Every structure is written in C-alpha cells, then in structure tokens.
Amino acid sequence: ELKVEQNPLFLSMQEGKNYTIYCNYSTTSDRLYWYRQDPGKSLESLFVLLSNGAVKQEGRLMASLDTKARLSTLHITAAVHDLSATYFCAVDMSSGTYKYIFGTGTRLKVLA
Amino acid sequence: KAGVTQTPRYLIKTRGQQVTLSCSPISGHRSVSWYQQTPGQGLQFLFEYFSETQRNKGNFPGRFSGRQFSNSRSEMNVSTLELGDSALYLCASSFFILTSYNEQFFGPGTRLTVL
C-alpha cells in the first residue's frame, strides 16, 4: 500500500527565513503534485512534477522530484506571511486514471 | 472559465440519515474524483469517474457510492450516516487525455456535519 509521508507536520518560521518541506513516498511513481490549502478553503494547485529530476519554481516556492529516492521537496525562500497555509504533496497511484494519495500535510505559519 | 462547483457548501445531518452531494466539473472535463478530508485521517481518495464509469475506488465502506451523468456532473451518496462521516468532501475534475497528463482542479468542497 502506498504511503506518503510529509515532514515536518508543523512549521513555524520567521519572515525572511528559508526552509524545506519533505515528502517521501513508499512505491514507484513519477507523478507528484503539491497543493496549498488555506483554512476553510479548497486545494490550490502549486506544482506538477512528472519526471525524475523535475524542478519547478514559482515566486518564493521551488519544488523538486527525485523518483529514485522517492522524495520530493518544497523549498521556501525568504518566507513572507502570505505563505502561511497547509501544504500537501500527493502521489498519483494509477496510470491513466486519477487516484491521488495525499501526504499528511505541513501546516506552515510565517511569523512577522 | 468557471471552476469546479459543489453543492451544497454546508450540510448538517443526523446519524442514520443519508445525503447526496453534487459536483459540476469544469466545462469539457470528463474525469471527476471525490476525496474526503478529516482532521484525523487527512485527505483520502473515495472514487473516480470517467464517462459515467467508475474507474477507481478507495477503501471506503459500501455506504459511500457515486455516479456520473452524461454531462459529466457527478453525485456522491452516503447512506446511514455515522458521526465519523463528518468531513469536508472535495470534488476534483480533469480533462483526460490518454497519452498525456492533465492535472486535477478541486472544487470548494461540501462541509458535512453529522450530529
């Protein structure tokens, strides 16, 4: 059974600091996604990573995928308060259809 | 282009009742998936429909069922509600192309409270 683990579960950081969220998964997959969720809101797509070595950047966020290590990272550079949210990674279990297995989520709080 | 819409947004039911939730995908999207989000279990996959056929199912009891209509709109039904069914139910849609990947877009969710 595919397991997707994120760490840390909670992250409190000062504005301007850098940090990395880790997403480990237990079986082979080359499709990984990162989502953001604000309190009481739905999931907002951040990154789609579809191959080994994929790296994508948007503003202060950068995501990467290492399929051999079964690891994805979400790096936050010079955090700002607006990045406070819960971040989820998700791995696509099936080929040709959609069955995402989500990580536990990382609740990020950026302190001014 | 309108996003994924879900109705109702909030729902309060009592144990033993049944409930039906509705999802309208983005225009042109033919794949619809459902997820349950709870504080204890996180985000869990319920099922996925494409062209009115269920293609994938998660590990949920038979009380949870769904269907998709010819216009791609989908409904999910939960019968004999239990307190543990209280959750945010999220619907996601995608324009599926066999030879390519298309990401899922999530709706705002339906918050179900079972008393």
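Scroll up for the structure.
The structure presented is a predicted model; accordingly, all values stated were derived computationally and were not measured.

Draft legend 1. Highlighting the overall build of chain B. A count of helical and extended segments in chain B gives 0 helices and 11 strands. When its helices and strands are written in sequence order, chain B yields β-β-β-β-β-β-β-β-β-β-β. A compact globule built from 115 residues should have a C-alpha radius of gyration of about 13 Å, and chain B, at 14 Å, falls within 12% of that. Projected onto its principal axes, the C-alpha positions of chain B cover 45 × 25 × 25 Å. Every one of the 115 residues in chain B was classed for burial, and the buried ones make up 50%. Residue pairs in contact within chain B that sit at least 24 positions apart in sequence constitute 54% of those at least 6 positions apart.

Draft legend 2. Region of interest: the overall build of chain A. For chain A, the helix and strand inventory stands at 0 helices and 11 strands. Taken over C-alpha atoms, the radius of gyration comes to 13 Å for chain A, in line with the 13 Å a tight globule of 112 residues would show. A principal-axis box enclosing the C-alpha atoms of chain A has dimensions of 45 × 30 × 20 Å. Within the span of chain A, comprising 112 residues, buried residues form 49% of the whole. In chain A, the share of contacts with a sequence separation of at least 24, taken over all contacts with a separation of at least 6, comes to 54%. Across chain A, 12 positive and 10 negative side-chain charges occur, with their mean positions spaced 2 Å apart.

Draft legend 3. Main features of the environment of Thr27 of chain A. Along the chain, Thr27 of chain A turns up in the loop between β3 (19–25) and β4 (32–37). Once the C-alpha coordinates of Thr27 of chain A and Thr67 of chain A are considered, the two residues, 40 residues apart in sequence, prove to be 9.6 Å apart.

Draft legend 4. Fine view of the nonpolar core. Residue and element names in this part refer to chain A. Within the largest apolar cluster, 26 residues are counted, with the highest numbers of intra-cluster contacts made by Val4, Leu32, Trp34, Leu74, Ile76, Tyr87 and Leu108. Those elements that place two or more of their residues in this core are β2 (10–14), β3, β4, β5 (43–49), β7 (61–66), β8 (71–76), β9 (85–92) and β11 (106–111). The dominant element in this core, judged by the number of residues it contributes, is β9, at 4 residues. Leaving out residues up to four positions away in the same chain, Val4 has contacts with Cys23, Asn24, Tyr25, Cys89, Val91, Ile101, Phe102, Gly103 and Thr104.

What counts, and where the lines are drawn
Residues numbered from 1 in each chain as written. Chains lettered and ligands numbered in written order. Predicted model: local features only at pLDDT ≥ 70, side-chain atom pairs only at ≥ 80, totals over all residues. Heavy atoms only, no water. Helix = DSSP H or I, 4+ residues; strand = E, 2+ residues; numbered from the N terminus. Rg over C-alpha atoms; globule rule 2.2 N^0.38 Å. Buried < 20%, exposed > 50% of the residue type's maximum accessible area, 1.4 Å probe, protein only. Contact = heavy atoms within 4.5 Å. Lys, Arg positive; Asp, Glu negative; His and termini not counted. Charge placed at Lys NZ, Arg CZ, Asp CG, Glu CD. Core = buried A, V, L, I, M, F, W, Y, C linked by side-chain atoms within 4.5 Å.

Function cannot be read off these values alone, since they describe shape.
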